[in-house]
Amino acid sequence: MISANDLTPAELAALLHFHADAGVEWLLEEEAVDRFAEFEAMKAARQGARAVQPRVEVSQPQPAARPAKQPERRQAAPQAAAPAAAPRSAPAIPDEQAIEQARFAAESARSLNELKTALEAFNSCNLKNSARSTIFASGTPEGRVMVIGPMPSADDDREGAPFAGRTGLLLDKMLAAIGLKRDDILLTNVIPWRPPGNRAPSAPEIEICRPFIERQITLAEPKALLLLGNFTARHFFGSNETIHGLRGQWREVTISGRAIPAIASLHPQELLTAPINKRLAWNDLLAFKTRIDDEA
(Lines give C-alpha, C1' and ligand atoms only; values in the text may rest on other atoms or scores of the structure.)
Protein backbone atom coordinates (compact mmCIF):
# COMPACT_ATOMS: atom_id res chain seq x y z
CA MET A 1 0.00 0.00 0.00
CA ILE A 2 1.35 3.43 -0.95
CA SER A 3 1.40 6.02 1.82
CA ALA A 4 0.20 9.53 1.14
CA ASN A 5 3.57 10.72 2.41
CA ASP A 6 5.22 9.05 -0.59
CA LEU A 7 3.14 11.02 -3.11
CA THR A 8 3.95 14.43 -4.51
CA PRO A 9 1.29 17.16 -4.10
CA ALA A 10 0.35 16.79 -7.79
CA GLU A 11 0.02 12.99 -7.50
CA LEU A 12 -2.05 13.30 -4.33
CA ALA A 13 -4.36 15.86 -5.97
CA ALA A 14 -4.80 13.60 -9.00
CA LEU A 15 -5.62 10.63 -6.73
CA LEU A 16 -8.21 12.62 -4.79
CA HIS A 17 -9.72 13.86 -8.06
CA PHE A 18 -9.96 10.27 -9.32
CA HIS A 19 -11.79 9.12 -6.18
CA ALA A 20 -14.16 12.11 -6.35
CA ASP A 21 -15.08 11.26 -9.95
CA ALA A 22 -15.69 7.66 -8.89
CA GLY A 23 -18.27 8.82 -6.34
CA VAL A 24 -16.17 8.26 -3.19
CA GLU A 25 -17.46 10.61 -0.50
CA TRP A 26 -15.84 9.26 2.71
CA LEU A 27 -12.22 9.31 3.83
CA LEU A 28 -10.53 6.72 6.06
CA GLU A 29 -11.24 6.82 9.78
CA GLU A 30 -8.45 7.36 12.31
CA GLU A 31 -9.12 3.86 13.66
CA ALA A 32 -10.42 0.78 11.88
CA VAL A 33 -14.18 0.35 12.15
CA ASP A 34 -15.91 -3.00 11.70
CA ARG A 35 -18.84 -1.94 9.52
CA PHE A 36 -20.15 -5.52 9.33
CA ALA A 37 -20.42 -5.67 13.13
CA GLU A 38 -22.15 -2.29 13.16
CA PHE A 39 -24.65 -3.49 10.60
CA GLU A 40 -25.40 -6.71 12.52
CA ALA A 41 -25.86 -4.71 15.74
CA MET A 42 -28.26 -2.30 14.05
CA LYS A 43 -30.21 -5.19 12.52
CA ALA A 44 -30.45 -6.95 15.88
CA ALA A 45 -31.63 -3.74 17.54
CA ARG A 46 -34.37 -3.26 14.96
CA GLN A 47 -35.52 -6.87 15.32
CA GLY A 48 -35.56 -6.49 19.11
CA ALA A 49 -37.62 -3.32 18.85
CA ARG A 50 -40.18 -5.05 16.63
CA ALA A 51 -40.39 -7.99 19.03
CA VAL A 52 -40.92 -5.76 22.08
CA GLN A 53 -43.47 -3.40 20.56
CA PRO A 54 -46.49 -5.83 20.46
CA ARG A 55 -45.98 -6.78 24.14
CA VAL A 56 -45.99 -3.11 25.14
CA GLU A 57 -49.19 -2.46 23.27
CA VAL A 58 -50.99 -5.51 24.72
CA SER A 59 -49.93 -4.75 28.29
CA GLN A 60 -51.15 -1.15 28.21
CA PRO A 61 -53.90 -0.78 30.86
CA GLN A 62 -57.35 0.24 29.72
CA PRO A 63 -59.56 2.64 31.74
CA ALA A 64 -61.79 0.58 34.05
CA ALA A 65 -64.57 3.17 34.16
CA ARG A 66 -65.64 2.73 30.53
CA PRO A 67 -65.02 -0.88 29.49
CA ALA A 68 -67.69 -0.72 26.78
CA LYS A 69 -65.74 1.94 24.86
CA GLN A 70 -62.55 -0.12 24.60
CA PRO A 71 -63.32 -1.85 21.23
CA GLU A 72 -64.07 1.55 19.64
CA ARG A 73 -60.80 3.02 20.94
CA ARG A 74 -58.75 0.07 19.70
CA GLN A 75 -60.39 0.33 16.27
CA ALA A 76 -59.97 4.11 15.95
CA ALA A 77 -56.29 4.22 16.89
CA PRO A 78 -54.95 2.40 13.80
CA GLN A 79 -57.17 4.51 11.53
CA ALA A 80 -55.73 7.73 12.92
CA ALA A 81 -52.12 6.50 12.77
CA ALA A 82 -52.28 5.00 9.27
CA PRO A 83 -51.66 8.17 7.20
CA ALA A 84 -48.58 9.16 9.23
CA ALA A 85 -47.10 5.64 9.29
CA ALA A 86 -47.32 5.06 5.54
CA PRO A 87 -46.86 8.30 3.56
CA ARG A 88 -47.43 7.97 -0.14
CA SER A 89 -44.84 9.12 -2.65
CA ALA A 90 -45.64 10.50 -6.09
CA PRO A 91 -46.33 7.74 -8.61
CA ALA A 92 -43.47 6.99 -10.99
CA ILE A 93 -43.96 8.03 -14.61
CA PRO A 94 -43.83 5.06 -17.02
CA ASP A 95 -40.82 5.11 -19.33
CA GLU A 96 -42.96 5.24 -22.48
CA GLN A 97 -44.87 8.24 -21.18
CA ALA A 98 -41.64 9.99 -20.15
CA ILE A 99 -40.18 9.46 -23.62
CA GLU A 100 -43.27 10.98 -25.24
CA GLN A 101 -43.10 13.94 -22.88
CA ALA A 102 -39.44 14.44 -23.78
CA ARG A 103 -40.22 14.36 -27.50
CA PHE A 104 -43.00 16.89 -27.11
CA ALA A 105 -40.87 19.22 -25.00
CA ALA A 106 -37.91 19.02 -27.38
CA GLU A 107 -39.87 19.40 -30.60
CA SER A 108 -41.77 22.38 -29.21
CA ALA A 109 -38.53 24.37 -28.84
CA ARG A 110 -37.79 26.70 -31.75
CA SER A 111 -34.36 27.83 -30.58
CA LEU A 112 -31.52 26.60 -28.40
CA ASN A 113 -32.56 29.00 -25.66
CA GLU A 114 -36.10 27.62 -25.71
CA LEU A 115 -34.71 24.09 -25.67
CA LYS A 116 -32.54 24.89 -22.65
CA THR A 117 -35.58 26.23 -20.82
CA ALA A 118 -37.59 23.13 -21.73
CA LEU A 119 -34.81 20.82 -20.56
CA GLU A 120 -34.42 22.60 -17.23
CA ALA A 121 -38.18 22.33 -16.65
CA PHE A 122 -38.32 18.64 -17.62
CA ASN A 123 -38.74 16.41 -14.55
CA SER A 124 -39.58 13.00 -16.01
CA CYS A 125 -36.08 11.51 -15.95
CA ASN A 126 -34.77 9.88 -12.76
CA LEU A 127 -31.24 11.10 -13.47
CA LYS A 128 -32.29 14.66 -12.74
CA ASN A 129 -33.25 13.74 -9.17
CA SER A 130 -29.66 12.91 -8.19
CA ALA A 131 -27.80 15.46 -10.32
CA ARG A 132 -26.82 18.90 -9.09
CA SER A 133 -26.95 20.61 -12.50
CA THR A 134 -28.67 20.30 -15.85
CA ILE A 135 -25.84 20.46 -18.40
CA PHE A 136 -26.80 22.13 -21.67
CA ALA A 137 -24.72 23.07 -24.70
CA SER A 138 -22.19 25.87 -24.25
CA GLY A 139 -20.46 28.00 -26.87
CA THR A 140 -22.05 29.12 -30.11
CA PRO A 141 -23.70 27.34 -33.05
CA GLU A 142 -22.40 29.99 -35.47
CA GLY A 143 -19.17 28.08 -36.05
CA ARG A 144 -21.27 25.12 -37.22
CA VAL A 145 -18.94 22.76 -35.39
CA MET A 146 -20.32 20.54 -32.65
CA VAL A 147 -18.34 18.45 -30.16
CA ILE A 148 -20.40 15.91 -28.22
CA GLY A 149 -19.37 13.94 -25.14
CA PRO A 150 -21.18 11.14 -23.30
CA MET A 151 -22.50 12.46 -19.98
CA PRO A 152 -21.52 15.04 -17.37
CA SER A 153 -18.58 14.30 -15.08
CA ALA A 154 -18.41 15.29 -11.42
CA ASP A 155 -16.65 18.51 -12.46
CA ASP A 156 -19.35 19.26 -15.04
CA ASP A 157 -22.05 18.68 -12.44
CA ARG A 158 -20.36 21.02 -9.96
CA GLU A 159 -19.64 23.80 -12.45
CA GLY A 160 -22.82 23.46 -14.52
CA ALA A 161 -21.01 23.32 -17.89
CA PRO A 162 -19.81 20.54 -20.22
CA PHE A 163 -16.16 19.50 -20.30
CA ALA A 164 -15.07 21.12 -17.05
CA GLY A 165 -12.08 20.30 -14.85
CA ARG A 166 -8.99 18.48 -16.10
CA THR A 167 -10.77 16.89 -19.06
CA GLY A 168 -11.94 20.32 -20.15
CA LEU A 169 -8.45 21.76 -19.94
CA LEU A 170 -7.10 18.92 -22.07
CA LEU A 171 -9.92 19.35 -24.58
CA ASP A 172 -9.12 23.05 -24.84
CA LYS A 173 -5.53 22.14 -25.72
CA MET A 174 -6.69 19.57 -28.27
CA LEU A 175 -8.98 22.08 -29.96
CA ALA A 176 -6.34 24.80 -29.91
CA ALA A 177 -3.95 22.43 -31.71
CA ILE A 178 -6.27 22.50 -34.74
CA GLY A 179 -7.12 26.18 -34.49
CA LEU A 180 -10.43 25.96 -32.62
CA LYS A 181 -11.59 27.65 -29.42
CA ARG A 182 -14.24 26.56 -26.97
CA ASP A 183 -16.22 29.78 -27.43
CA ASP A 184 -16.29 29.42 -31.23
CA ILE A 185 -17.95 25.99 -31.32
CA LEU A 186 -20.77 24.17 -29.55
CA LEU A 187 -19.95 21.71 -26.74
CA THR A 188 -22.56 19.38 -25.29
CA ASN A 189 -23.27 15.88 -23.94
CA VAL A 190 -25.64 13.10 -24.97
CA ILE A 191 -26.97 12.86 -21.40
CA PRO A 192 -27.68 16.20 -19.67
CA TRP A 193 -27.55 14.89 -16.08
CA ARG A 194 -24.71 13.10 -14.31
CA PRO A 195 -25.73 9.53 -13.35
CA PRO A 196 -25.13 8.79 -9.65
CA GLY A 197 -21.65 7.40 -9.03
CA ASN A 198 -20.79 7.85 -12.73
CA ARG A 199 -22.72 4.69 -13.58
CA ALA A 200 -23.83 4.04 -17.15
CA PRO A 201 -27.34 5.34 -17.92
CA SER A 202 -30.01 2.72 -18.42
CA ALA A 203 -31.67 2.09 -21.79
CA PRO A 204 -34.89 3.94 -20.80
CA GLU A 205 -32.87 6.89 -19.48
CA ILE A 206 -30.99 7.08 -22.78
CA GLU A 207 -34.22 7.09 -24.76
CA ILE A 208 -35.71 9.81 -22.54
CA CYS A 209 -32.66 12.01 -23.18
CA ARG A 210 -32.41 11.23 -26.91
CA PRO A 211 -34.96 13.82 -28.12
CA PHE A 212 -33.08 16.64 -26.39
CA ILE A 213 -29.65 15.91 -27.90
CA GLU A 214 -31.16 15.34 -31.34
CA ARG A 215 -33.05 18.62 -31.10
CA GLN A 216 -29.83 20.40 -30.11
CA ILE A 217 -28.19 19.09 -33.27
CA THR A 218 -31.19 20.03 -35.41
CA LEU A 219 -31.28 23.61 -34.12
CA ALA A 220 -27.48 24.08 -34.24
CA GLU A 221 -27.22 22.81 -37.86
CA PRO A 222 -23.55 21.76 -37.58
CA LYS A 223 -21.55 20.93 -40.71
CA ALA A 224 -19.66 18.21 -38.82
CA LEU A 225 -19.79 16.35 -35.51
CA LEU A 226 -16.86 15.29 -33.34
CA LEU A 227 -18.03 12.45 -31.09
CA LEU A 228 -15.88 11.82 -28.03
CA GLY A 229 -15.82 8.54 -26.16
CA ASN A 230 -17.11 5.01 -26.45
CA PHE A 231 -20.66 5.76 -25.25
CA THR A 232 -21.12 8.70 -27.63
CA ALA A 233 -19.85 6.81 -30.68
CA ARG A 234 -22.09 3.82 -29.97
CA HIS A 235 -25.07 6.09 -29.35
CA PHE A 236 -24.88 7.77 -32.76
CA PHE A 237 -23.39 4.98 -34.87
CA GLY A 238 -25.62 2.25 -33.46
CA SER A 239 -22.71 -0.13 -33.01
CA ASN A 240 -21.41 -2.30 -30.17
CA GLU A 241 -17.78 -1.86 -31.16
CA THR A 242 -15.34 -0.15 -28.84
CA ILE A 243 -14.09 3.36 -29.49
CA HIS A 244 -10.86 1.92 -30.94
CA GLY A 245 -12.92 0.21 -33.62
CA LEU A 246 -15.12 3.23 -34.31
CA ARG A 247 -12.66 6.12 -34.13
CA GLY A 248 -11.09 7.81 -37.15
CA GLN A 249 -13.85 6.78 -39.59
CA TRP A 250 -16.18 9.30 -41.18
CA ARG A 251 -19.81 8.22 -41.04
CA GLU A 252 -23.12 9.95 -41.60
CA VAL A 253 -25.52 10.56 -38.74
CA THR A 254 -29.11 11.26 -39.77
CA ILE A 255 -30.93 13.71 -37.51
CA SER A 256 -34.40 15.02 -38.44
CA GLY A 257 -33.91 13.82 -42.01
CA ARG A 258 -30.55 15.57 -42.43
CA ALA A 259 -27.32 13.59 -42.90
CA ILE A 260 -24.40 15.04 -40.96
CA PRO A 261 -20.78 13.82 -41.30
CA ALA A 262 -19.41 12.61 -37.96
CA ILE A 263 -16.11 11.22 -36.75
CA ALA A 264 -15.44 9.60 -33.38
CA SER A 265 -12.34 9.95 -31.24
CA LEU A 266 -11.08 9.23 -27.76
CA HIS A 267 -12.51 11.19 -24.84
CA PRO A 268 -10.04 13.47 -23.00
CA GLN A 269 -10.58 11.43 -19.83
CA GLU A 270 -9.36 8.33 -21.67
CA LEU A 271 -6.28 10.23 -22.77
CA LEU A 272 -5.55 11.27 -19.19
CA THR A 273 -5.73 7.62 -18.19
CA ALA A 274 -3.69 6.34 -21.15
CA PRO A 275 -1.57 9.19 -22.59
CA ILE A 276 -0.04 6.85 -25.17
CA ASN A 277 -3.31 7.09 -27.12
CA LYS A 278 -2.87 10.82 -27.71
CA ARG A 279 -1.30 10.04 -31.09
CA LEU A 280 -4.55 8.34 -32.16
CA ALA A 281 -6.62 11.32 -31.04
CA TRP A 282 -4.25 13.67 -32.88
CA ASN A 283 -4.84 11.80 -36.15
CA ASP A 284 -8.60 12.07 -35.59
CA LEU A 285 -8.35 15.79 -34.91
CA LEU A 286 -6.36 16.36 -38.09
CA ALA A 287 -9.02 14.52 -40.10
CA PHE A 288 -11.72 16.59 -38.42
CA LYS A 289 -9.88 19.83 -39.14
CA THR A 290 -9.42 18.91 -42.82
CA ARG A 291 -13.13 18.11 -43.19
CA ILE A 292 -14.46 21.31 -41.65
CA ASP A 293 -11.97 23.40 -43.65
CA ASP A 294 -13.10 21.75 -46.88
CA GLU A 295 -16.74 22.55 -46.07
CA ALA A 296 -16.08 26.12 -44.93
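Before reading on, note that the structure itself is shown above.
A.B. asks: Would you mind going over helix H4 (residues 95-108) with me for this structure?
C.D. replies: Along an α-helix, residues three or four apart share an orientation, since each turn contains 3.6 residues. With 14 residues, H4 extends 20 Å from end C-alpha to end C-alpha; this agrees with the ideal 20 Å at 1.5 Å per step. Packing partners of the buried residues in H4 comprise helix H5 (112-121) and helix H9 (203-220).

A.B. asks: How should I be thinking about the side chain of Asn189 in this particular structure?
C.D. replies: Assignment of secondary structure puts Asn189 in strand E3 (residues 186-189). For Asn189, the residues in contact, after removing those within four places along its chain, are Ile135, Ile148, Gly149, Pro150, Met151, Pro152, Asp156, Pro162, Phe163 and Ile213.

A.B. asks: How should the pattern of salt bridges be read in this particular structure?
C.D. replies: Charged atoms that come close allow side chains of opposite charge to pair. According to the stated counting rule, one finds 9 salt bridges in the structure shown. With a shortest N-O distance of 2.7 Å, Glu100 and Arg103 are connected by a salt bridge. Note that Glu100 and Arg103 are positioned in helix H4 at a spacing of 3 residues, about one turn of the helix. The shortest N-O distance in the salt bridge between Glu295 and Arg291 comes to 2.8 Å. Taking relative accessible area as the criterion, Glu295 reaches 34% and is therefore assigned partly exposed. Arg291 gets classed as partly exposed once you look at its relative accessible area, which sits at 28%.

A.B. asks: I tried to follow the nonpolar core on my own but got confused; where do I start?
C.D. replies: Generally speaking, nonpolar side chains in soluble globular proteins are found buried as a group. If you look at the biggest cluster of nonpolar residues, it comprises 64 residues, and the most contacted ones within it are Ile148, Ile217, Leu225, Phe236, Phe237 and Phe288. When residues in this core are grouped by element, the largest group, 7 residues, is from H9. Sequence-distant contacts of Phe288, that is, excluding residues within four places in its chain, are made with Val145, Ile178, Leu180, Ala224, Leu225, Leu226, Trp250 and Ile263.

A.B. asks: Sorry if this is basic, but what is going on with the pairing of strand E4 (residues 224-228) here?
C.D. replies: Consecutive side chains along a regular strand alternate between the two faces of the sheet. Across the 5 residues that make up E4, a large majority, 5, are buried. Residues Ala224, Leu226 and Leu228 point to one face of E4 and Leu225 and Leu227 to the other, with burial holding for every one of them. Where strand E2 (residues 145-149) and E4 come together, 4 bridges link them in parallel fashion. Bridging from a neighbouring strand, Ile148 pairs with Leu227 of E4. In this sheet, strand E6 (residues 258-265) lies alongside E4 in parallel orientation, the contact comprising 4 bridges.

A.B. asks: What exactly am I supposed to notice about the packing of aromatic side chains here?
C.D. replies: To describe a pair of aromatic rings, you give the distance between the ring centres and the angle between the ring planes. As enumerated under the stated definition, the model contains 2 aromatic pairs in all. Ring geometry for Trp250 versus Phe288: centroids 6.2 Å apart, planes at 10 degrees, classification stacked. Highlighted residues: Trp250 in the loop between helix H11 (243-246) and strand E5 (251-255) and Phe288 in helix H13 (residues 278-294), separated in sequence by 38 residues. One Lys or Arg, Arg291, reaches over the ring of Trp250 and ends 4.7 Å from the middle of that ring.

Rules of the game
- Residues numbered from 1 in each chain as written.
- Predicted model: local features only at pLDDT ≥ 70, side-chain atom pairs only at ≥ 80, totals over all residues.
- Heavy atoms only, no water.
- Helix = DSSP H or I, 4+ residues; strand = E, 2+ residues; numbered from the N terminus.
- Expected span 1.5 Å × (residues − 1).
- Contact = heavy atoms within 4.5 Å.
- Salt bridge = Lys/Arg side-chain N within 4 Å of Asp/Glu carboxyl O.
- Buried < 20%, exposed > 50% of the residue type's maximum accessible area, 1.4 Å probe, protein only.
- Core = buried A, V, L, I, M, F, W, Y, C linked by side-chain atoms within 4.5 Å.
- Pairing = 2+ DSSP bridges.
- Phe/Tyr/Trp six-rings, centres within 6.5 Å; stacked < 30°, edge-to-face > 60°.
- Lys NZ or Arg CZ within 6 Å of the ring centre and 35° of its normal.

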